[in-house]
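Examination of the molecular architecture
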Amino acid sequence: DVKKLPVSVVSVGRALAFGGFCGEPFTVFGVELKNRSKFAMTIPTCTTNGYNGYFPDESAFTVGGYENATSRYQKGSGERLLNGLLSTMDEFWANAKAN
């Protein structure tokens with residue numbers, strides 16, 4: 001069963017972008033978003049436009065824990081969500097005027 005998950009982006013030129021996850025991603029995803037974003041400053045946000053649960057990273061599934069046990073998603077879903085968000089941010093960056 002496949003569920004489409006929304007991502008959200010708001011940007012100000014190429015200077016600032018907010019990248020919105022539709023739930024609670026593990027911290028590693030926010031750090032990765034900031035590191036891989038082309039924008040001068042990137043601010044990750046959680047529970048943007050809805051709440052779809054926890055998004056653990058792949059390595060967390062082997063350790064266990066509350067978030068992994070209650071996540072509605074398979075291993076790798078958080079990484080796919082991050083990549084979708086980065087792809088959307090790349091489109092925004094490409095369409096923005098340079099400062």
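This text follows the structure it describes.
Everything numeric here is computed off the predicted structure, so don't read it as measured data.

About the criteria used
- Residues numbered from 1 in each chain as written.
- Predicted model: local features only at pLDDT ≥ 70, side-chain atom pairs only at ≥ 80, totals over all residues.
- Heavy atoms only, no water.
- Helix = DSSP H or I, 4+ residues; strand = E, 2+ residues; numbered from the N terminus.
- Buried < 20%, exposed > 50% of the residue type's maximum accessible area, 1.4 Å probe, protein only.
- Contact = heavy atoms within 4.5 Å.
- Areas by Shrake-Rupley, 256 points an atom, 1.4 Å probe, with all protein chains shown as cover.
- Lys, Arg positive; Asp, Glu negative; His and termini not counted.
- Charge placed at Lys NZ, Arg CZ, Asp CG, Glu CD.
- Pairing = 2+ DSSP bridges.
- Axes fitted to C-alpha atoms, helices over the stretch in contact; angles between N-to-C directions.
- Core = buried A, V, L, I, M, F, W, Y, C linked by side-chain atoms within 4.5 Å.

Counting its secondary structure elements, the protein contains three helices and five strands. Sequence-ordered secondary structure for the protein, helices as α and strands as β, is β-β-β-α-β-β-α-α. In terms of its C-alpha atoms, the protein occupies a principal-axis envelope of roughly 45 × 25 × 15 Å. The burial tally for the protein puts 36% of its 99 residues in the buried class. Considering only residue pairs separated by 6 or more positions, the protein has 68% of its internal contacts joining residues 24 or more positions apart. Summed over all atoms, the accessible surface of the protein reaches about 5,900 Å², with 53% contributed by carbon and sulfur. In the protein, 10 positive and 9 negative side-chain charges are present, and the distance between their average locations comes to 7 Å.

Once that is clear, we can look at the sheet that holds strand 2 (residues 16–20). Where strands meet in a sheet, backbone hydrogen bonds hold them as pairs that are either parallel or antiparallel. The strand order 1-2-4 describes an open sheet built from three strands, whose pairing is mixed. In this open sheet, the two edge strands, each paired with only one partner strand, are strand 1 (8–12) and strand 4 (41–45). Taken pair by pair, the neighbouring strands of this sheet meet at an average axis angle of 15°, ignoring direction. Here strand 2 pairs with strand 4 via five bridges, running parallel. Across the sheet, residue Phe18 finds its bridge partner in strand 4, namely Ile43. Across the sheet, helix 1 (residues 27–36) touches strand 2 and strand 4, and the angle it forms with strand 4 is around 155°. On top of the sheet, helix 3 (residues 77–95) reaches strand 1, strand 2 and strand 4; it is set at about 30° to strand 1, its chief contact.

Right, let's get into the nonpolar core. With 14 residues, the main nonpolar core has Phe21, Leu33, Phe55, Leu82, Leu85 and Met89 as its most contacted residues. Sorting the residues of this core by element identifies helix 1 and helix 3 as the ones contributing at least two each. Residue contacts for Phe21: discarding those within four places in its chain leaves Phe29, Leu33, Pro44, Thr45, Cys46, Thr47, Thr48, Leu81, Leu82 and Leu85.

Bringing the pairing of strand 1 into the picture now. Sheet topology note: the strand 1/strand 2 ladder contains five bridges and is antiparallel. Residue pairing for strand 2: Val12 is matched across the bridge by Leu16. Counted between consecutive antiparallel strands, the loop separating strand 1 from strand 2 contains three residues, among which Gly13 sits at a positive phi close to 55°.

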